[in-house]
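The chain contents come next:
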Amino acid sequence: MSSKKSGKKSDKTMATGDRAILPEGAKTIPIYIMGQKYDVPETLTILKAMEYAGFQFIRGCGCRGGICGACSTVYRIPGDYKLQVGLACQTVVEPDMYLAQIPFYPANRASYQLDELEGKPEEIFKLYPEVFRCVACNACTKACPMDVKVLDYVSAIKQGNIAKAAQLSFDCIQCGLCASRCMGELPQYHFAQLARRIYGSKIAPRSEHLEKRVKEIESGKYDEMLKKLTQMSQSELEKLYVEREREPDTSVPGEWMPKETKYL
Ligand code: FES
């Protein structure tokens, strides 16, 4: 369980835990959290609706922006045979939804030292032999809240194409919902993470501009500027931020340059 119910238990149908004041005429709908009915504003995400209902998140909530993968949720709409999955911070409540959170999915993760790997597909096969248990049912792809083509990257790994697997899985947020629906019991998101690690450290070309920038930082090029920034007050920092030179929305990508190039 990733959240705790705050406040006293109440037999009121209307939730009281949130301090939000509903706008006049706001419509509420019933939802069921762990089997208990709550009326919540229809416009809220599951995460906000649970808070509105009095739950306080101490786990199972991170970025609130669909990036960290901490808020995986399973729900069912009455009358619909399908078990639905989604991110609580992104999915808007629906009338009568029954929901439960699974912010951690207990899948096996292999232990390895990236430095000791050469970056060969056989190493992934050895660390994750279960990749060959995939029956290509595609339940993983259907479950993914990020629209990652999970089956496609699993297939790429099986074919030994680490670069393709890394690219296809780039948007994975490690929520584990793919694994929760897999009939082959695969931890797909862990395969993908290893593929991306191998790709980034052994296969992708070195970034020359990054190496150049690291050398500049090490040479002390930015020390004075950083010292000045850390000595500024909050209002001075805010002013600097607001007045900073910004790339116009209409500029052609890669062509815009600021007038001040001292720190580039
Ligand atoms: S809280 Fe981070 S993805 Fe939902």
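Values in this document were obtained by computation on a predicted structure and should not be read as measured data. (Residues numbered from 1 in each chain as written. Predicted model: local features only at pLDDT ≥ 70, side-chain atom pairs only at ≥ 80, totals over all residues.)

Asker: Give a description of the overall build of the chain that names residues and reports values.
Answerer: The helix and strand tally for the chain stands at 10 helices and 7 strands. Relative to the compact-globule value of 18 Å for 264 residues, the chain shows a C-alpha radius of gyration of 24 Å, a clear excess of over 25%. Considering only C-alpha atoms, the chain reaches an extent of 65 × 55 × 35 Å along its principal axes. Taken across its 264 residues, the chain has 29% of its residues classed as buried. For the chain, contacts bridging at least 24 residues in sequence account for 63% of all contacts bridging at least 6. (Helix = DSSP H or I, 4+ residues; strand = E, 2+ residues; numbered from the N terminus. Rg over C-alpha atoms; globule rule 2.2 N^0.38 Å. Buried ≥ 20, exposed ≤ 12 C-beta atoms within 10 Å, placed from the backbone. Contact = placed C-beta atoms within 7 Å.)

Asker: With reference to specific residues and values, describe the nonpolar core.
Answerer: Core analysis: the biggest nonpolar cluster contains 55 residues, and Ala49, Ala165, Cys178 and Ala195 have the highest contact counts within it. The residue makeup of this core includes at least three contributed by each of domain 1 (3–101) and domain 2 (114–203). Among all residues touching alanine 49, those that are not within four sequence positions of it are Ile31, Val40, Leu44 and Val93. (Core = buried A, V, L, I, M, F, W, Y, C linked by C-beta atoms within 7 Å. Domains from an automatic or database assignment.)

Asker: Can you lay out the domain arrangement of the chain for me, pointing to particular residues and giving the numbers?
Answerer: What the domain assignment reports for the chain is domain 1 (3–101) and domain 2 (114–203). Counting residues at the interface gives 8 residues for domain 1 and 7 residues for domain 2. Among the elements that make up the side of domain 1 that touches domain 2, the one with the highest residue count is strand S6 (residues 84–87) (3 residues). In terms of residue class, the side of domain 1 that touches domain 2 is built from 4 nonpolar, 4 polar and no charged. (Nonpolar A, V, L, I, M, F, W, Y, C, P; charged D, E, K, R; others polar.)

Asker: Quick rundown of the environment of tyrosine 153? Include the residues and the values.
Answerer: Inspection of the secondary structure assignment puts tyrosine 153 in helix H4 (residues 150–158). Spatially, the C-alpha atoms of tyrosine 153 and lysine 164 are 7.0 Å apart, while their sequence positions differ by 11 residues. If sequence neighbours within four positions are ignored, tyrosine 153 has contacts with Ala165, Leu168, Ser169 and Ala192.

Asker: Account for the sheet that holds S6, with residues named and values stated.
Answerer: What the 5 strands build is an open sheet, ordered S3-S2-S7-S5-S6; its pairing is mixed. Single-partner strands in this sheet number two, and they are strand S3 (36–41) and S6. Shown here is a sheet whose adjacent strand axes are inclined to one another by a mean of 35°, direction ignored. Examined bridge by bridge, strand S2 (residues 28–33) and S3 share 6 bridges and lie antiparallel to one another. Bridge pairing links isoleucine 31 to tyrosine 38 in S3. (Pairing = 2+ DSSP bridges. Axes fitted to C-alpha atoms, helices over the stretch in contact; angles between N-to-C directions.)

Asker: Help me get a handle on the pairing of strand S5 (residues 72–76), residues and values and all.
Answerer: Sheet analysis places S5 next to S6, joined by 4 bridges and oriented antiparallel. Bridged to serine 72 within S6 is leucine 87. Relative to strand S7 (residues 98–101), S5 runs antiparallel, the two sharing 4 bridges. Residue pairing across strands places valine 74 opposite alanine 100, the latter belonging to S7.

Asker: A description of unusual backbone geometry should follow, citing residues and the corresponding values.
Answerer: Glycine aside, residues mostly have negative phi angles, and peptide bonds mostly take the trans form. Even without a glycine there, the phi angle at methionine 34 is positive, about 50°. Inspection of the secondary structure puts methionine 34 in the loop between S2 and S3. For methionine 34, a count of 13 C-beta atoms within 10 Å corresponds to the partly exposed category. Of note, the phi angle at aspartate 147 is positive, near 60°, even though the residue is not glycine. Overall, aspartate 147 belongs to the exposed group, with 8 C-beta atoms counted inside 10 Å.

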